[in-house]
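# Results of the structural survey
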Amino acid sequence: MKKIVMTGPRKSEIVEAPIPKIKDNELLVKVTYTGMCHSEWYPWSVAAPGEEFGHETVGVVAECGSKVTDFKPGDRVTGLGGGGYREYIVMEPDKTCHVPDNLKDEDAIVEPLACLLSAALKMKPEMLGDSIAVVGTGYMGLGMISLFKAMGYADIIAVDLRPEARENARKMGATEVYSPDELPSYYRLDWDAIGCPDLKRDGHKTDIFGIGFPNVMEFTGTESGLQLAGELACAHGRLGIGGYHNDSLRTIDYKLWNFKAITTINCHERRIMYEAGLCKRCLMLLSRGIWKFTGMTTHVYSMEEFDKANEDMENHRGNFIKGVVKS
């Protein structure tokens, strides 16, 4: 079979490898598509020879182990594990999901969807009609907006540097869209808005609860985006951090966050079997039309175009929202 292997920073090659052998309780899956995740862009840009990437897969069962009862050859499947940028992977049945008949392969790549659902459950509205700001409206931010809309948030304010990303956010259900420098002053509770903090417990000179948002979700993965998200939270607000900050350390104004007494929530998920359950729930929500988040794949690449695909994702070429690599 063919698989993609890195030869160094920003450069890969396709090599031949044996088709994996499966155990009694495993599935051999012929990969159809592997979704591109921005969490792997930085590792790709600094990769060492021999490194491999890919974790968002959808495909067709090619072979079942003797103890497998819930799947058969020919079933369309997705889920967690196995590795992705190769023609065949091994999957475990309890981390594998059947793809509903009414979903296209590229819409059923479920791993990032489960990440979004996990984040949304950590940031669910306290009351129907609550407001929330979403900073960063790439693929994950757009999925978050559409999911927040389904969950009962009313005013969803989207912030992104790129005009096309802001327009995408509006299509997904954002009620207001802004670039960072267009934000109204009453949406940012920063030091300029606060002035001199009053700690005497006899009241505040500024309406620190009326400026900003009680709920803010960050999906930029950048230091500037994280800083902005912190400024948008009102006093005692919640800040969900969904961006994957893996390229360097982050410096934030914790004095500001500290004074505002905001709650920060790391919205990443590391409980694998919990996330496997979310995968099944996501596919049900999409299949029934409860979560309207399909048709987001904007770019399809061959395995030979893997490096170009990462460059396109890096530079957001052609209104890049989601890319997939076809095996």
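These figures come from a predicted structure and were not determined experimentally. (Residues numbered from 1 in each chain as written. Predicted model: local features only at pLDDT ≥ 70, side-chain atom pairs only at ≥ 80, totals over all residues. Heavy atoms only, no water.)

## Focus on the environment of Arg-317
- The topology assignment puts Arg-317 in the loop between helix 9 (306–315) and strand 15 (322–326).
- The spacing of Arg-317 and Val-68 is 249 residues in sequence and 43 Å in space, taken between C-alpha atoms.
- If we ignore the near neighbours within four places in the chain, the residues touching Arg-317 are His-299, Lys-308, Glu-311 and Asp-312. (Helix = DSSP H or I, 4+ residues; strand = E, 2+ residues; numbered from the N terminus. Contact = heavy atoms within 4.5 Å.)

## Section: the nonpolar core
- Ranked by internal contacts, the top residues of the largest apolar core, which has 47 residues, are Leu-113, Met-144, Ile-145, Phe-148, Met-217, Trp-291 and Phe-293.
- Mapped by element, the contributors of at least two residues to this core are helix 2 (111–122), strand 8 (132–135), helix 3 (139–151), strand 9 (156–159), helix 4 (163–172) and helix 8 (272–287).
- In terms of residue count, the dominant contributor to this core is helix 8 (seven residues).
- In this view, Met-144 contacts Leu-116, Ala-119, Ala-120, Met-217 and Phe-219; residues no more than four positions away in its chain are not counted. (Core = buried A, V, L, I, M, F, W, Y, C linked by side-chain atoms within 4.5 Å. Buried < 20%, exposed > 50% of the residue type's maximum accessible area, 1.4 Å probe, protein only.)

## Some details on helix 3
- Its 13 residues give helix 3 an end-to-end C-alpha distance of 18 Å, which sits within 8% of 18 Å, the value for a rise of 1.5 Å per residue.
- Where helix 3 is buried, its residues contact helix 2, strand 8, strand 9, helix 4, strand 11 (213–218) and strand 15.
- Two residues or fewer after helix 3 comes Gly-152, characterised by a positive phi angle close to 110°. (Expected span 1.5 Å × (residues − 1).)

## Topic: the layout of surface pockets
- For the second largest pocket, the calculated volume is near 160 Å³.
- Together, Asp-198, Leu-199, Arg-201, His-204, Ile-208, Phe-209, Ala-235, His-236, Asn-258, Phe-259, Lys-260 and Ala-261 line the second largest pocket.
- With three residues, the top contributor of residues to the lining of the second largest pocket is helix 7 (residues 254–260).
- In the lining of the second largest pocket, the residues fall into six nonpolar, three polar and three charged. (1 Å grid on protein atoms, 1.4 Å probe; cavity = no way out; pocket = protein on both sides within 12 Å on 5 of 7 lines; lining within 4 Å. Points joined across faces, edges and corners; volume = space filled by probe spheres on them. Nonpolar A, V, L, I, M, F, W, Y, C, P; charged D, E, K, R; others polar.)

## Remarks on the environment of Gly-129
- Following the sequence through the fold, Gly-129 ends up in the loop between helix 2 and strand 8.
- Given the relative accessible area of 42%, Gly-129 is considered partly exposed.
- In this structure, the C-alpha to C-alpha distance between Gly-129 and Met-313, residues 184 residues apart in sequence, is 34 Å.
- For Gly-129, the contacting residues outside a window of four places in its chain are Gly-152 and Ala-154.

## Observations regarding the packing of helix 2 against helix 8
- Following both chains from N to C, one finds helix 2 and helix 8 inclined at 100°, their axes separated by 8 Å at the closest point. One finds that helix 2 runs roughly perpendicular with respect to helix 8. Contact with helix 2, carried on its side by Glu-111, Leu-113, Ala-114, Cys-115, Leu-117, Ser-118 and Leu-121, involves Tyr-274, Glu-275, Leu-278, Cys-279, Arg-281, Cys-282 and Leu-286 of helix 8 and no other residues of that element.
- Class assignment for the residues of the contact of helix 2 with helix 8 results in ten nonpolar, one polar and three charged. (Axes fitted to C-alpha atoms, helices over the stretch in contact; angles between N-to-C directions. Parallel < 35°, antiparallel > 145°, perpendicular 65-115°, else oblique.)

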